[in-house]
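Survey of secondary and tertiary structure
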Amino acid sequence: MGIAYDAAQNAIRIANDNSHGYDQGNRWGNPDYDCSALVIDLFKKLGVPLTCTYTGDMLGNMLANGFKNVTNTVNLNSWAGLKVGDVLLNVANHAAIYVGNGKIVQASINEKGTTRGGQPGDQTGNEIAIKPYYNFPWNYVLRYSEDGTSVAVPPAVTDPVSEIQNGMYTVKQGDTLWSIAEKFYHDGTKFAQIMKDNGLLSDRIKVGMQLKIGASSVDKEPAKTGSTATTCTPKLPILKYGENSIRVRRLQSLLVSSGYSLTIDGDFGSETQDVIKLLQKINNIPVTGVVDAKTYEALLS
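Figured I'd write up the structure that's included with this text.

Procedures and definitions
- Residues numbered from 1 in each chain as written.
- Predicted model: local features only at pLDDT ≥ 70, side-chain atom pairs only at ≥ 80, totals over all residues.
- Heavy atoms only, no water.
- Phe/Tyr/Trp six-rings, centres within 6.5 Å; stacked < 30°, edge-to-face > 60°.
- Helix = DSSP H or I, 4+ residues; strand = E, 2+ residues; numbered from the N terminus.
- Buried < 20%, exposed > 50% of the residue type's maximum accessible area, 1.4 Å probe, protein only.
- Salt bridge = Lys/Arg side-chain N within 4 Å of Asp/Glu carboxyl O.
- Core = buried A, V, L, I, M, F, W, Y, C linked by side-chain atoms within 4.5 Å.
- Pairing = 2+ DSSP bridges.
- Axes fitted to C-alpha atoms, helices over the stretch in contact; angles between N-to-C directions.
- Contact = heavy atoms within 4.5 Å.
- Expected span 1.5 Å × (residues − 1).
- Arc of directions from axis to C-beta.

Looking at the packing of aromatic side chains
Evaluation of the coordinates by the stated rule reveals 6 aromatic pairs. A connected cluster of aromatic rings, assembled from ring pairs, spans F43, F67 and Y144.

Quick notes on unusual backbone geometry
Cis geometry marks the peptide bond from N30 to P31; its omega dihedral reads 0°. Inspection of the secondary structure puts P31 in the loop between helix 1 (3-15) and helix 2 (35-44). With a phi angle near 55°, N284 is a residue other than glycine that sits in the positive phi range. Along the chain, N284 falls in the loop between helix 7 (270-282) and helix 8 (293-300). Look at N284 and you get exposed, because its relative accessible area is 72%.

Observations concerning the pattern of salt bridges
Once their charged atoms are close, side chains differing in charge can pair, the charge on each being opposite to the other. Counted according to the given criterion, the structure contains 4 salt bridges. Taking the shortest distance from any N to any O, the salt bridge between D41 and K45 comes out at 3.1 Å. Owing to a relative accessible area of 60%, K45 belongs among the exposed residues under this scheme.

Observations regarding the nonpolar core
One finds F43, M58 and F67 to be the most contacted residues of the largest nonpolar core, which totals 32 residues. Listed by contribution, the elements that provide at least two residues to this core are helix 1, helix 2, helix 3 (55-63), strand 2 (87-90), strand 3 (94-100), strand 4 (103-107) and strand 6 (140-144). L251, Y260, F268 and V275 belong to the second-largest nonpolar core, a separate cluster that totals 27 residues.

Let's talk about the sheet that holds strand 5 (residues 128-132)
Taken together, 6 strands build an open sheet; the order of strands is 1-6-2-3-4-5 and the sheet is antiparallel. Each edge of the sheet is formed by a strand with only one pairing partner; in this case those strands are strand 1 (67-69) and strand 5. Going across the sheet, the axis of each strand differs from the next one's by a mean of 30°, ignoring polarity. Helix 1 rests against strand 3, strand 4, strand 5 and strand 6 of the sheet, and its axis sits at about 105° to strand 3. Where helix 3 meets the sheet, its contacts fall on strand 1, strand 2, strand 3 and strand 6, and the angle it forms with strand 2 comes to roughly 135°.

With respect to helix 1
Taking 1.5 Å of rise per residue, the 13 residues of helix 1 would be expected to cover 18 Å, and the 18 Å separating its terminal C-alpha atoms lies within 8% of that figure. Taken as a whole, helix 1 has its buried residues at A4, A7, A8, A11, I14 and A15. Down the axis, helix 1 shows its buried residues gathered within 120° of arc, on one side only. Contacts made by the buried residues of helix 1 are with helix 2, strand 3, strand 4, strand 5 and strand 6.

Next up, the structure:
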């Protein structure tokens with residue numbers, strides 16, 4: 001059937017094999033994975049000569065090794081247009097593989113609700129699992145070309161320092177406050193600092209907007225060496241009533257993809273709180289309306 005199909009079948013096999021769990025400290029299948037290592041390893045073991053190691057370098061390396069960017073042919077809010085074996089990529093935070101019939105396989109979190117320090121193997125049945133499709137949100141859908149052709153490699157990533165002019169960054173197409181914080185602070189959760197520095201009252205930004213970026217943020221990128229390289233880290237912040245942010249918007253998207261009905265507006269108001277309480281009640285965990293580790297575990301399961 002081809003490499004993409006075989007990669008998807010192997011992903012299903014791994015998801016059904018509880019000897020493989022989630023861990024960022026031991027992430028290359030011996031026995032555990034994290035999100036990017038799982039997807040990369042699926043194709044490497046089928047002979048695709050990938051050298052990428054984390055979500056941030058998957059795009060260019062995959063496009064240079066037989067994958068095509070088919071994002072514009074897919075409805076990211078559903079699974080319409082996806083084909084078995086398609087790689088779903090958020091370049092800052094997450095990766096998964098589409099396995100057909102509206103399902104994906106992803107490595108997401110360990111039994112402690114953290115990214116490191118769990119027991120080897122899947123302790124919950126959900127550390128690496130088959131899930132209904134949802135929009136993380138994904139930046140790209142990459143499809144392996146069975147004829148071996150590839151598209152041109154995109155330009156090298158620009159040095160972040162060079163994108164700052166007089167202490168200001170100009171918002172580009174596809175930017176979010178989260179991705180900008182990832183770029184300059186190396187931590188998406190610091191989008192709140194950008195909002196504070198620029199007097200923003202919401203997380204909505206427009207192309208061409210000028211944002212002040214602290215000078216100290218662009219010169220301290222953590223080293224990427226060996227197994228300590230920066231890897232995909234699903235962000236699991238404590239969320240509660242009154243917050244209005246990208247993090248809430250992502251939570252709402254995940255709730256909707258799981259079958260709950262609510263407005264995706266980034267506002268943790270009474271509507272979102274009621275849905276969280278319902279989720280907690282259904283899963284027999286404390287009904288607080290606050291999104292904590294147990295709530296994330298219930299939602300991801």
